[in-house]
Every structure is written in C-alpha cells, then in structure tokens.
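Structural features, examined
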Amino acid sequence: MSSNQVQALLGQLTLEEKAALCIGATPWQTVAVERLGLPHITVSDGPHGVRRAIDPTSLINESHPATCYPVAAALAATWDKELMFELGQALGDECRALDVDVLLGPGINIKRSPLCGRNFEYFSEDPVLAGELSARLIQGVQSKGIGTSLKHFAVNNQETRRFTVDAVVDERTLHEIYLTGFEIAVKQGQPWTVMCAYNSVNGYLCSEHTYLLTDILRERWGFEGFVVSDWGAVRDRLPSLRAGLDLQMPGPSPHGVRDVVEAVTSGALDEAVLNRTVERLLTIILRAQQTPKGGSINIESHHALARRIAAEAVVLLKNEGDLLPLTGDETVAAIGKAALTPVFQGGGSSHVKPTRVDAPLELLKERAEVHFVEGDNLKSDVNHTLITEAVSAARAADVAVLFIALPAQIESEGYDRRDLNLTPHQTALIQAVAAAQPRTIVVLNNGSAVNMRPWIDAVPAVVEAWLPGQAGAGAVMDVLYGVVNPSGRLAETFPLDLSDTPAYLNFPGEKDSVRYGEGIFVGYRGYEALDRAVLFPFGYGLSYTRFDYSHLRVSQPSFSVGETLTVSVDVTNTGARAGKEVVQVYVHDPVSRLRRPPKELKAFAKVALEPGETRTVSLTLDPRAFSYYDPTYSQWVAEAGEFEILVGSSSADIRLRQTVTLTSGTPLEPRLDVNSTFGDWLAHPRSAALVQPLRDLLLGNQNSLDSETLGSDTTAFFIDLPLTTLLGFQGQGSETTPKQFVEQLLEQLYSTKGQP
Ligand code: BGC
C-alpha cells in the first residue's frame, strides 16, 4: 500500500466517515467504509496468547481456543531475545489463523513495586531488559504481517484506581525508568500501534497527553503507527484527538463521532488534525489487508514451543546439596492442588482459552512413583487436616514436591496485592512439610516476587516456575529431572521484606495521586543504592553446571561520545552438563553531576555451552549506555570521565570489571529562560522552529526595528538584549506582556505537560 492510496482514500471520505473511523465500530473492530471497499480490522488481546472473541460485537465473551504461552513475567526470565522472536512468529501465525489483524500486546510497564497486581503481564523492573525483549517479540509478530500494540503508555504501574490515578513523576525518572523501555521497543520494533494507559501522568490523562503521544512518541522516537486508547481510557474525544490519540476503544460511541463532526463544522477542531489521524489509521488498515488470513493453529508444535519457553523461564532459586535434579528413582509425595489443576496464567483481559493444558501430576507420574495429596486447596485459612495429610505423605516418600501457586484472588489485573505473602495456609504447609522431610522442593507459580522468609532456610530446593502457560507442567518436569538445565534469571529483585521495596512509602499513593518518590531508584537500582540486603537479586538464577568468566576486553578503553564500545568476555562451562549462561553487562558511573545508581544493566546475552566449552560473548554499548537524562537541559547526557564496565552473572555477582574513559562528553544545550538574550535564542539547537517567527516578528520590515531604520545589522545590534527587553522595544504587550510571551515560548520548548 502506498501513501498515494492513503491520500486517495482520505480524499474520498466524508467528514462523518472520517470521524467514525476514529472510534471502534465494535469492542474489537474498527469501522468499515463499504462504499469505498475499506474493510475493518480486528484486534484481540494478548499478550501471551490470542484471545479472539467469538463474537467481536460484545466486550466480554467466549474466545476461540489458542495456545496459552508463558506470561510476560516468565518471558522476561528467559533473557532470550531470539526466543522472543520465535514466540512472536508463533503468535503471528495464530493471529492469522484466528483472523486477527492486531494483537494487543506486549505490555512492558516497569515493575515499580512487586505489589502491582498485573506484574505477571509485565516484563521487568529494568527498562533495558523489558525494551530489548519486547522489541524482538514485536518484530516476530510483525514479521508475519500482524500488528502489535505496545502497552500501556505510560507510567501505568499499579492497578489501584488505575483509571483515575495521577502518577506524579519527575522528568528524569520518567525518561530513564518509565519511558526507556517504550523507546527501545518503538525504535527497534516499530509496533503498528501503541496503546495509551488509563492513568494520568503529572496532571494529564495519558489519553490527552500531547507530550507523551506526540512530542515524545512521534517526534522524538519516530513512531509511525497509530495510538489506540486502552479500553475506556478516553474521557473526551476532542482533547484526545488533538493530543494524538487516533483510535478510541471500545466502540461504538455515536456521541463521540457526533462531537468530532460538530467540532470540525464549527471550527473548534482543525480538520487537518482529524485528517492526520485518519491517515495513520488508513495506513495500518490497508497494511493489515495485505496479510492473508486463515489456516489453523498448529496445536502440537505451538504447545511444544510453549513448553520450551516455559523451561527457559524457570529460575532455580535454591538447590542445597544438589538435591536437584532428581534421578527418577525417588518416590515422590506431590502436594498441592496446583499439581492437579495447574495455575498457569493470570486473571483479566489477558486470559486465554488454552488449546490443551498439561497438569504436573500427570507428567510426574510418568517419571516416578507418586503419592498425591491435596495439601493446599488455594484457600487462605490454615487447614490442619490438609497439613497433617501432607506431612505424612512427605514422610513416607523419598522427596516431597510442593506445588504452591498464588491464588487468583491475590494476584490479577484489576487490583493490587496487599503484601508479598503466600496464603497463611501455604506458609504453614511448607513449614510443616519441610520439617518432616529434609528433601523438600517448592515449585512456585506466581507473577511477581513473594515473601519466602518464613520458610526459605528450611527448604533445600526452590523452583520459580512463574505462570508458565498451558505447557508449563512439562517444563517444570524437565527441570526437576534434569532434561533441561535451568537457565532462567530473575528479571526482578525478590526483596527480603515489603518495607525494603524502594516504592514502599508511596505505593499505591493516596486516593488519586501517587508520588514516585523513589525516583530513578527502582528495583535493584534502589536496593543497591540503599545498601539493602535482598532475598534474591536481579539477574540471579542457578544452573546444574558452573560458568567461569575470563578475558574481559573492550574495543577501545578510551572513546568519545559519538562512538560505540564493544565489550567481549570469554565464558566457559566448567561443569559436567550442557547449560546456558546469561551474561550481563552493567555500567557504573563513579563520578557524576547527578546522582546515579550503583549499576545499571545495559546489555545482555544468553549463551549455550557444552561441558568444557568456551565462547566469546561480544556486546555493544552505545552512547546511551553511559548517559543520564538531565532535566535541566531536557536531554540525555554522557559526562566525560571514567566509567566502570561490570560483567557478571547477576547484579550481585560481578565477575569482571574494567574502567573505560569517555574523553569528551555530550555537548550541553544551553537552558533558555526569561533572561536569555536574543542571541541565546538564535544559538539554541532546538529553538529553530521558534526562532524564525521570532525573527519575522522582531526584525521584519513591517516594524521599526528593521535594518533600514537603524542603518546597521539588526541581528548583531540586538544580539545581547534579553528577548523580553527586545520584545518590549518592539511594542509587544497588547495581548500578552513580553515576559508572558517568552514564557509561552519556553513552555513550547520544555513543556512535559499534557496539553498543547
Ligand atoms: C486492559 C488492556 C486490554 C484491554 C482490552 C484493558 O482493560 O488494560 O491491557 O488490552 O482492556 O481487553
């Protein structure tokens, strides 16, 4: 499809048709214009499987079966970009089979607090990890001619009052923590659509946030697709349209269409704004038509992929005395309802109807002699009868495997968790079983960190399986029995205590305001800066083998700001089993004008190694890897000086380090203010668009300040005058004072606010 086609169509659409296109026809479809042969497109949740509504005219209804893959929390724990691409391709194929044009995902909001009920649907507390993985996922889906919707843009980090809460976040934190992941995903993945969040950011609804939807997303990052609202995020169609929100969902909304038509007719809305939105919609709608739909889901091979991904995501948290892997000769007490009825995905809009589901118990029985007891019924109250049964089963077997899943009433879209605890019953059960059976293994199903302090010392082996999708049971068996050597790594810190979490005092805010008081010190950035011990650090995970790091080198120990740096390290598998290591590269800036975290993840790679094998892993660091966002200058800044490159196996296990020197830093743009001179304004690199009308205004022939009147070069003559003074000389002041006028210009240059 060409832009000519889009223009031709745009020219033929009536005002009413254009207004109608900006709002869904149904909860899951856009408007079709039959007279012009323009079809609708169908969108579907997402993200970890296709939840294609059987009846797209109703908001909540039955969906077609599709593969339920592991949730994003698990995907992130794979730290595997290529696997994300593969998953994306499979999701794209399923969309084709189910006649879906755009999959509503991935969701990459930062896990600011482990309490966020929707953390299972998000990737990480780290923006680089979230951004890089989701970019590959987007590329995979879109390689099949299916669109994605990167969500929820932006600063949607809690479920409590998610429609009404205002996230109050400073500019530096906004850019470094909450926007960076989106930036990476947009620049690398170029998603067909971005979904705006429900909440407000610094006083303005995301759906009306010009700074986010237009200035940042389109102008700074070059986003080319359309922005869709989260379902129900639009309060008022006109400001949202002006801010850059293209498609309101869900539809229909006849009064919304009427408002747009009336506003254009009365002149309240510039038709050019509407046309730009319609252009963006048409571009994607026409692009979607090029992808043939049909075929069927390859249930078996996609189930196998789901199992492979789930296995890569398993994080082995503890394995004292090498209790794992099991040999298969042990008799097993399998305890917990989740062994029989697996808890494999989260609640809410992402809920997929699986094509089939594996249960751990069934698969366990294929490997060992198993005695199953219910043990945990997923209810809160301590049930002593269940515990007594579990204890005697555990005693009678060689090992006890406890299947512990955080119940849906605790963790789901729509509400946040109150604490990090398992249910009182689960805690009591684990303690009792571990006391009776020294060879106890806890297998966890949850979407975010849980408190393990009451029992972790008594339990020798802990397997974090997350919400692993429909094939998760097989993945857990593969790890328990050593068919797969675990290689998942935590994409979020597991704290010792809720009160240690950096956002503790501010989460989830009061009524409709939540202050991001911890600033950039989110996750490991915060725990490390505060010197707080944690249960398991970011990037951590055990293996059945060991890896050695050696020979760290950088392409150039001295570099200048425009250059990239290649970091290479040799990794050797020194154990007896094949395995995978996640090599993590962090950067530390020891001396800086602004306070910086002790370390920040900047690059990573997963590498497979046979026993005894050594491989060189090379990763590239671009200038951004050394930069912070300086709110004074509204720009990314890398300061000249020394940086430490830290290479390791987790944020707390740095194996090698090297100092590099940045010889010249980012040139700082001068900060303009009301006292800035005319010359300052002319010299500013980003005020170009503002300067021309100013020149015309101040030095144009129609006024007294032109060169003919003065007999000299007016620009040079006035260069050192404050702009306010110059405007005063020129007679500015009838509608706004010179100072107000300059303040308006500054607002245009630096505003991070929602409204134009
Ligand atoms: C969720 C989105 C989802 C949409 C459509 C909203 O409530 O926040 O993530 O895509 O519903 O189901």
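Residues numbered from 1 in each chain as written. Predicted model: local features only at pLDDT ≥ 70, side-chain atom pairs only at ≥ 80, totals over all residues. Heavy atoms only, no water.

**Re the sheet that holds strand S23 (residues 614-621)**
Pairing between the strands of a sheet comes from backbone hydrogen bonds, and it takes one of two forms, parallel or antiparallel. Stated precisely, the cut-off is as follows: Paired strands, in this sense, are two strands between which DSSP finds at least two bridges. Every helix listed is a DSSP run of H or I at least four residues long, and every strand listed is a run of E at least two residues long, numbered separately from the N terminus. To define axes, lines are fitted to C-alpha atoms, for helices over the stretch in contact only, and angles between the resulting N-to-C directions are given on a 0 to 180 degree scale.
The three strands are arranged S18-S20-S23 in an open sheet whose pairing can be described as antiparallel. Two strands close off the open sheet at either side, each with one partner strand: strand S18 (547-554) and S23. Taken over all neighbouring pairs, the strand axes of this sheet differ in orientation by 25° on average, direction set aside. Sheet topology places S18 next to strand S20 (residues 565-573); six bridges connect them, and they run antiparallel. The partner of valine 554 across the bridge, within S20, is valine 567.

**Observations regarding the pairing of strand S10 (residues 331-335)**
Here is the rule: We call a residue buried when its accessible area falls under 20% of the maximum for its residue type, exposed when it is over 50%, and partly exposed in between, using a 1.4 Å probe and counting protein chains only.
The element S10 is largely enclosed, with a buried count of four among its five residues. As paired elements, S10 and strand S11 (residues 369-373) share five bridges and run parallel to each other. Note on S11: the bridge partner recorded for isoleucine 335 is valine 373.

**Observations concerning the site of the ligand**
Selection rule: Residues are classed as near a molecule or strand on a simple rule: at least one heavy atom within 4 Å of it. Counted as a polar contact is a pair of N or O atoms within 3.5 Å, where, for protein atoms, one must be capable of donating a hydrogen and the other of accepting one, and residues adjacent in sequence contribute only when both atoms are in side chains. Here the accessible surface of atoms and residues is derived via Shrake-Rupley with a 1.4 Å probe, and residues count as covered only by protein chains that are part of the display.
Neighbouring the ligand are 14 residues; Asp45, Arg118, His152, Tyr198 and Asp230 lie closest to it. Aspartate 45 has a polar side-chain atom sitting 2.4 Å from an oxygen atom of the ligand. Between lysine 151 and the ligand, the recorded distance is 2.9 Å, taken from a side-chain N or O atom to an oxygen atom. With the chains in place, 94% of the 310 Å² that the ligand exposes on its own is no longer accessible.

**Section: the domain arrangement of the protein**
The condition is simple: Per the annotation, domain bounds derive from an automatic or database assignment of domains. Residues count as neighbours in contact if any of their non-hydrogen atoms are within 4.5 Å of one another. A quick way to say it: buried area is the sum, across both parts, of accessible area lost when two parts are put together, with a 1.4 Å probe. When a carboxyl oxygen of Asp or Glu lies within 4 Å of a side-chain nitrogen of Lys or Arg, that pair is called a salt bridge.
Along its sequence, the protein is organised into domain 1 (3-289), domain 2 (306-536), domain 3 (547-664) and domain 4 (678-750). One C-alpha centre belongs to domain 1, the other to domain 2, and the line joining them spans 32 Å. Every contact between the two is made by 65 residues of domain 1 and, on the other side, 63 residues of domain 2. Across the interface of domain 1 and domain 2, roughly 5200 Å² is buried in total on both sides, 58% from carbon and sulfur atoms. Taken as a group, Arg112, Leu115 and Glu125 account for 17% of the area that domain 1 buries against domain 2, more than any other trio of residues on that side. Run the count over domain 1 and domain 2 and you get eight salt bridges. Glutamate 413 is paired through a salt bridge with arginine 162; the nearest N and O atoms lie 3.0 Å apart. At the surface where domain 1 touches domain 2, the tally comes to 39 residue pairs in polar contact (both at pLDDT 80 or more). Elements supplying a minimum of two residues to the side of domain 1 that touches domain 2: helix H3 (72-78), helix H4 (81-97), helix H5 (127-142), strand S4 (166-168) and helix H6 (171-189). A total of six residues in the side of domain 1 that touches domain 2 trace back to one element, the largest contributor, which is H3.

**Some remarks on unusual backbone geometry**
Most peptide bonds take the trans form, and the phi angle of most residues other than glycine is negative. In this model, glycine 105 is joined to proline 106 through a cis peptide bond whose omega is 0°. Take proline 106: it is sitting in the loop between strand S2 (102-104) and H5. Of note, the bond from lysine 151 into histidine 152 is cis; its omega dihedral lies within 30 degrees of zero at -5°. Looking at the element boundaries, histidine 152 is found in strand S3 (residues 147-153). Positioned with a positive phi, tryptophan 79 is a non-glycine residue whose angle comes to about 50°. Residue placement: tryptophan 79 occurs in the loop between H3 and H4. Of note in this structure, histidine 551 is not a glycine but carries a positive phi near 55°. Along the chain, histidine 551 turns up in strand S18.

**Notes on H4**
Applicable threshold: Expected helix span is taken as 1.5 Å per residue step, with the number of steps being one fewer than the number of residues.
The end-to-end C-alpha separation of H4 is 25 Å, in line with the 24 Å expected for 17 residues at 1.5 Å each. Listed in full, the buried residues belonging to H4 are Leu83, Met84, Phe85, Leu87, Gly88, Ala90, Leu91, Gly92, Glu94 and Cys95. Lining the buried residues of H4 we find H3, S2, H5 and helix H11 (299-313). Two or three places before glutamate 82, at the start of H4, stands the capping residue aspartate 80, its side-chain oxygen 3.1 Å from that residue's backbone nitrogen. Looking one or two residues beyond H4, the residue adopting positive phi is aspartate 99, at roughly 55°.

**Considering the environment of histidine 425**
Relative to the helices and strands, histidine 425 is located in helix H15 (residues 424-436). C-alpha of histidine 425 to C-alpha of leucine 386: the two residues are 39 residues apart in sequence and 9.4 Å apart in space. Those residues in contact with histidine 425 that sit more than four places away from it in its chain are Gly375, Asp376, Lys379, Ser380, Asp381, Val382, Asn383, Leu386 and Ile387. A polar contact is formed between the side chain of histidine 425 and the backbone oxygen of glycine 375, at a distance of 2.7 Å.

**Considerations on the sheet that holds strand S8 (residues 226-229)**
Overall, parallel pairing links the five strands, which are arranged S1-S2-S3-S5-S8 in an open sheet. The open sheet has two edge strands, strand S1 (43-45) and S8, and neither has a second partner. On average, each strand axis in the sheet is inclined to that of its neighbour by 30°, with strand direction left out of account. Relative to strand S5 (residues 193-196), S3 is paired through three bridges, and the arrangement is parallel. Each bridged residue has a counterpart across the sheet, and for phenylalanine 153 the counterpart in S5 is cysteine 196. Against the sheet, H6 contacts S3 and S5, and its axis sits at roughly 165° relative to S3. Contacts from helix H7 (residues 210-220) reach S3, S5 and S8 within the one sheet, and its direction differs from that of S8 by about 150°.

**What to know about the nonpolar core**
Worth spelling out the cut-off: Take the buried residues of types Ala, Val, Leu, Ile, Met, Phe, Trp, Tyr and Cys, join any two whose side-chain atoms come within 4.5 Å, and each joined set is a nonpolar core.
Grouped together as the largest cluster of nonpolar side chains are 124 residues, with contacts concentrated most on Phe123, Phe153, Val155, Trp231 and Leu282. Looking at this core element by element, the count peaks at nine residues for helix H10 (residues 271-289). For leucine 282, the contacting residues outside a window of four places in its chain are Val6, Leu9, Leu10, Leu13, Leu21 and Leu38. Formed by 74 residues, the second largest nonpolar core is a distinct cluster that contains Leu406, Met477, Leu490 and Tyr540.

**Section: the environment of leucine 749**
Here leucine 749 is to be found in helix H23 (residues 738-750). Of the residues examined, leucine 749 reaches a relative accessible area of 10% and is grouped as buried. Counting along the chain gives 660 residues from leucine 749 to glutamine 89, while the straight-line C-alpha distance between them is 41 Å. Residue contacts for leucine 749: discarding those within four places in its chain leaves Leu672, His684, Arg686, Ser687 and Leu690.

**With respect to the pairing of S8**
With burial as the criterion, each face of S8 is covered, one bearing Phe226 and Val228 and the other bearing Val227 and Ser229. Across four bridges, the pairing between S5 and S8 is parallel. Within the sheet, the bridge partner assigned to methionine 195 lies in S8 and is valine 228.

**Describing the side chain of asparagine 157**
Structurally, asparagine 157 can be placed in the loop between S3 and S4. A distance of 2.9 Å separates the side chain of asparagine 157 from the backbone oxygen of isoleucine 110, its partner in a polar contact. A polar side-chain atom of asparagine 157 sits 2.7 Å from a polar atom in the side chain of tyrosine 516.

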